[in-house]
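Structural overview for review
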Amino acid sequence: MSTLQKLGGWAGLVHALAYIVAMVILVALVLPAREAGIERYVAFVAGNRAVVDGLNFVGYWVGAVTLVLMVLALYDRLKTAAPAGAQVAAAFGLIWAALIIGSGNLMLRNTGVVAELYALNPTQAASTWLILEAVENGITSGNEIVGSLWVLLVCAIGWRTGLLGRALSAFGVAISLAGLLTVIPSLFDTMVMVFGPGMIVWSVWIGLALLRRQ
């Protein structure tokens, strides 16, 4: 087993943990404020920058860095058996990581901008937040297509070659199809709730698979 695959294995476990922590913060603290209305949410952001920035750092930056290690480790595992397919899959994975970093940088900057503006004009701060949030969603296209394509390609190769195990590969194909369906507006909320938790399970499973001897 290569050192890169070991790093990727541990990265898969940390990646899942990062999203679990982010989801707990999101559900426990952030979503209640958001559901109370945009004005209340902006007030929450302005008064709780540490919470919001912590959520964004863990969810975006930790998630993206560990994702890069996972992508490279999976490429290392699959490249001999399927060199062309592994390269294409790795390209989508790295693009996904770059989009996450871009979104994360924007969100980390947004909280400071909105907090400063809220002290001067709360109404304008709310309007500005909506615009900035739309831009952030636009970076990732507001769906899970890129990440789903990476998972789908990796698991298709894993299924064909047997290098990831049939059960793990089948699970990955299933959640990637759910992620691709997020492009349909009427299915977005449902499919995100399948893809998101599914990716946590898949990341743990991938991490353990990479840590096992090939």
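What counts, and where the lines are drawn
Residues numbered from 1 in each chain as written. Predicted model: local features only at pLDDT ≥ 70, side-chain atom pairs only at ≥ 80, totals over all residues. Heavy atoms only, no water. Helix = DSSP H or I, 4+ residues; strand = E, 2+ residues; numbered from the N terminus. Rg over C-alpha atoms; globule rule 2.2 N^0.38 Å. Buried < 20%, exposed > 50% of the residue type's maximum accessible area, 1.4 Å probe, protein only. Contact = heavy atoms within 4.5 Å. Areas by Shrake-Rupley, 256 points an atom, 1.4 Å probe, with all protein chains shown as cover. Lys, Arg positive; Asp, Glu negative; His and termini not counted. Charge placed at Lys NZ, Arg CZ, Asp CG, Glu CD. Expected span 1.5 Å × (residues − 1). Bend = angle between axes of the 7 residues up to and from the residue. Salt bridge = Lys/Arg side-chain N within 4 Å of Asp/Glu carboxyl O. Phe/Tyr/Trp six-rings, centres within 6.5 Å; stacked < 30°, edge-to-face > 60°. pLDDT = per-residue confidence, 0-100. Core = buried A, V, L, I, M, F, W, Y, C linked by side-chain atoms within 4.5 Å.

Per the secondary structure count, the chain includes eight helices and zero strands. When the helices and strands of the chain are read in sequence order from the N terminus, they spell out α-α-α-α-α-α-α-α. Relative to its length of 214 residues, the chain is compact, with a C-alpha radius of gyration of 18 Å against a globular reference of 17 Å. Taking the principal axes of the C-alpha coordinates as reference, the chain spans close to 60 × 35 × 25 Å. In the chain, which comprises 214 residues, the proportion classed as buried is 40%. Looking at the chain alone, contacts between residues at least 24 apart form 78% of all its contacts between residues at least 6 apart. With the model as given, the accessible surface of the chain reaches about 10,200 Å², and the carbon-plus-sulfur share is 69%. A distance of 19 Å separates the average location of the 11 positive side-chain charges in the chain from that of its 9 negative side-chain charges.

What follows covers helix α3 (residues 49-78). In this model α3 runs 42 Å from its N-terminal to its C-terminal C-alpha over 30 residues, within 8% of the 44 Å that 1.5 Å per residue would give. Maximum bend of α3: about 30°, positioned at F57.

Following the criterion strictly, the structure yields three salt bridges and no others. The partner of E133 in a salt bridge is R34, and the shortest N-O contact between them spans 2.7 Å. You can see E133 sitting in helix α5 (residues 122-139) and its partner R34 sitting in helix α1 (residues 3-35), a full 99 residues away along the chain. Using a relative accessible area of 17% as the deciding quantity, one classes E133 as buried. Residue R34 is classed as partly exposed on the basis of its relative accessible area, which comes to 29%. Here D76 makes a salt bridge to K79, at a shortest N to O gap of 3.3 Å. Under the relative-accessibility criterion, D76 is labelled buried at 16%. On the basis of relative accessible area, K79 is assigned to the partly exposed category, the value being 34%.

Let us look at the packing of aromatic side chains. Evaluated as defined, the whole model comprises five aromatic pairs. Centre to centre, the rings of Y41 and W129 are 5.7 Å apart; their planes meet at 70°, and the pair counts as edge-to-face. One end of the pair, Y41, is in helix α2 (residues 38-47); the other, W129, is in helix α5, and 88 residues separate them in sequence. By the burial criterion, Y41 is buried, and W129 matches it. The interplanar angle of 50° and the centroid separation of 6.1 Å between the aromatic rings of W96 and W150 together place this pair among those described as tilted. Placement of W96 in helix α4 (residues 83-120) and of W150 in helix α6 (residues 145-161) is noted, with a sequence separation of 54 residues between them. When sorted by exposure, W96 lands in the same class as W150, which is buried.

A residue-level look at the chain finds 97% of positions with pLDDT of 70 or above and a mean pLDDT of 90. Mean pLDDT across the elements of the chain ranges from a minimum in α5, with 82, to a maximum in helix α7 (residues 166-180), with 96.

Note on soluble globular proteins: their nonpolar side chains tend to be buried together. Core analysis: the largest hydrophobic core is formed by 29 residues, its most contacted members being L74, W150, V154, W202 and I206. Looking at this core, the elements that each hand over two or more residues are α3, α4, α6, α7 and α8 (188-211). Excluding residues that lie within four positions of it along the chain, W202 makes contacts with M70, L74, W150, V151, V154, C155, L168, F171, G172 and I175. The next biggest cluster of nonpolar side chains, apart from the first, holds 17 residues, and it includes A33, F44, L117 and L132.

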